[in-house]
Amino acid sequence: QVQLVESGGGLVQAGDSLRLSCAASGRAFSSYNRGWFRQAPGKGREFVAATTGSGSSTYYADSVKGRFTISRDNAKYTVALQMDSLKAEDTAVYYCAASTNGDYYGSLEGYYQYWGQGTQVTVSS
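Visitor: Would you mind going over the state of the cysteines with me for this structure?
Guide: Put plainly, a disulfide is one covalent bond tying together the sulfur atoms of two cysteines. Per the counting criterion, the structure on display carries 1 disulfide. Across the disulfide, C22 is cross-linked to C96 (sulfur-sulfur distance 2.2 Å). Disulfide C22-C96: the torsion about the S-S bond is -85°, which places it as left-handed. Of this pair, C22 sits in strand β3 (residues 18-25) while C96 sits in strand β9 (residues 92-99); the two residues are 74 residues apart in sequence, bridging distant segments of the chain. C96 shares its class with C22; the two are buried.

In structure tokens:
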């Protein structure tokens, strides 16, 4: 009944930009907390960015602050991740997530109930 689908991944050079998008269907996600996580080969899934409610509040991992920007379009039930100044260490599968939980613990993987299938981002140095 709930589906999240990421798009926009690809292969780029260090210093380039990519914009990831996540479309939601099956339920209204306009008021849900939304987040982005990533998982590199051989590593666990790590928090990247999150936005709450209407999108007025945003949060970022220290490793991406100043380079990545999360935004949402509630009317279209989408969330985006603008990635600038990409580095080789940003290479990972990026996952979109959503949560109906009230209190915000958006940097924790267990907070989110719904996940997309992931989109590959590869940055060559």
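Visitor: Is there a simple way to explain the pattern of salt bridges in this structure?
Guide: A pair can form between side chains of opposite charge whenever their charged atoms are brought close. In total, this model carries 4 salt bridges according to the counting rule given. Measuring nitrogen to oxygen at the nearest pair gives 2.7 Å for the salt bridge that ties R38 to E46. As a salt-bridge pair, D90 and R38 come within 2.9 Å of each other at their nearest N and O atoms. Remark: R38 occurs in strand β4 (residues 33-39) and D90 occurs in the loop between β8 (78-83) and β9; sequence separation between them is 52 residues. Each member of the pair, D90 as well as R38, is classed as buried. One salt-bridge network, held together by shared partners, links R38, E46, R67 and D90.

Conventions and cut-offs
- Residues numbered from 1 in each chain as written.
- Predicted model: local features only at pLDDT ≥ 70, side-chain atom pairs only at ≥ 80, totals over all residues.
- Heavy atoms only, no water.
- Disulfide = S-S within 2.5 Å.
- Helix = DSSP H or I, 4+ residues; strand = E, 2+ residues; numbered from the N terminus.
- Buried < 20%, exposed > 50% of the residue type's maximum accessible area, 1.4 Å probe, protein only.
- Salt bridge = Lys/Arg side-chain N within 4 Å of Asp/Glu carboxyl O.

Just distances and angles here, no functional claims.
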